[in-house]
Amino acid sequence: QVQLVESGGGLVQAGGSLRLSCAASGRTFSAMGWFRQAPGKAERDFVAAISWSGDIINYAASVKGRFTISRDNAKNTVYLQMNSLKPEDTAVYYCAARRDYTPTAGESNYSYWGQGTQVTVSS
């Protein structure tokens with residue numbers, strides 16, 4: 001059974017840090033990424049994505065320079081290190097995966113999704 005299990009969310013003060021993890025099982029994936037859904041928003045917004053080997057990495061402009069995506073293929077796990085967190089980063093963060101190589105920002109291109117983990121940044 002294919003599963004993506006996220007962990008690491010929580011409550012932090014503005015300026016703090018969190019590290020999210022997404023453990024995949026059932027198969028290995030090529031591109032993996034992170035999306036987030038802010039309170040009151042219907043859509044998931046792109047955050048970051050990474051190719052299998054890590055040679056291609058894309059970030060949303062709003063997180064570039066603050067967030068770092070990485071992966072450990074031996075553990076079939078992708079990470080999102082979030083530094084200098086802001087209240088506007090508050091959202092449910094979702095791990096996503098696709099079998100194609102390119103780590104696109106398009107939500108519809110990802111077929112597999114985790115359950116989401118809540119990140120709340122207080123002011």
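One can find the structure itself at the top, above this paragraph.
Quantities reported herein were computed from a predicted structural model and do not represent experimental measurements.

Caption draft 1: Geometry of the nonpolar core. Membership of the largest hydrophobic core comes to 31 residues, with the highest contact counts inside it found for Met 32, Trp 34, Leu 80, Met 82 and Tyr 93. Mapped onto this core, the elements with two or more residues apiece are strand E3 (18-25), strand E4 (32-37), strand E5 (45-50), strand E7 (67-72), strand E8 (77-82), strand E9 (91-97) and strand E11 (117-122). When residues no more than four places from it in sequence are discounted, the contact partners of Leu 80 are Leu 18, Arg 19, Leu 20, Trp 34, Val 47, Ala 48, Phe 67, Thr 68, Ile 69 and Tyr 93.

Caption draft 2: Quick look at the environment of Ser 25. Among the secondary structure elements, Ser 25 is positioned in strand E3. The partly exposed category is assigned to Ser 25, whose relative accessible area is 30%. A sequence separation of 50 residues divides Ser 25 from Lys 75, and the C-alpha atoms of the two residues are 9.5 Å apart. Not counting chain neighbours up to four residues away, the residues in contact with Ser 25 comprise Gln 1, Val 2, Gln 3 and Asn 76.

Caption draft 3: Local environment of the sheet that holds E3. If you walk across this open sheet you meet the 4 strands as E1-E3-E8-E7, and the pairing is antiparallel. Each edge of the open sheet is held by one strand with a lone partner, namely strand E1 (3-7) and E7. Across this sheet, the average inter-strand angle for adjacent strands is 15 degrees, counted without regard to direction. Taken together, the 5 bridges between E1 and E3 define a ladder with antiparallel strand orientation. Bridging from a neighbouring strand, Glu 6 pairs with Cys 22 of E3.

Caption draft 4: Local environment of the packing of aromatic side chains. Counted under the stated rule, the structure contains 5 aromatic pairs. Each ring, one from Phe 35 and one from Tyr 110, has its centre 5.4 Å from the other, and the planes form 70 degrees; the classification is edge-to-face. Of the two residues, Phe 35 is situated in strand E4 and Tyr 110 in the loop between E9 and strand E10 (112-113); the sequence distance between them amounts to 75 residues. Grouping residues by exposure puts Phe 35 and Tyr 110 together as buried. On the numbers, 6.5 Å between centres and 65 degrees between planes, the contact of Tyr 110 with Trp 113 is edge-to-face. By relative accessible area, which is 4% here, Tyr 110 ends up buried. By relative accessible area, Trp 113 is classed as partly exposed at 23%. Feature note: the residues Phe 35, Phe 46, Tyr 110 and Trp 113 constitute an aromatic cluster, connected by ring pairs. A cation over a ring is seen here: Arg 98 above Tyr 110, with NZ or CZ 5.9 Å from the ring centre.

Conventions used here
- Residues numbered from 1 in each chain as written.
- Predicted model: local features only at pLDDT ≥ 70, side-chain atom pairs only at ≥ 80, totals over all residues.
- Heavy atoms only, no water.
- Core = buried A, V, L, I, M, F, W, Y, C linked by side-chain atoms within 4.5 Å.
- Buried < 20%, exposed > 50% of the residue type's maximum accessible area, 1.4 Å probe, protein only.
- Helix = DSSP H or I, 4+ residues; strand = E, 2+ residues; numbered from the N terminus.
- Contact = heavy atoms within 4.5 Å.
- Pairing = 2+ DSSP bridges.
- Axes fitted to C-alpha atoms, helices over the stretch in contact; angles between N-to-C directions.
- Phe/Tyr/Trp six-rings, centres within 6.5 Å; stacked < 30°, edge-to-face > 60°.
- Lys NZ or Arg CZ within 6 Å of the ring centre and 35° of its normal.

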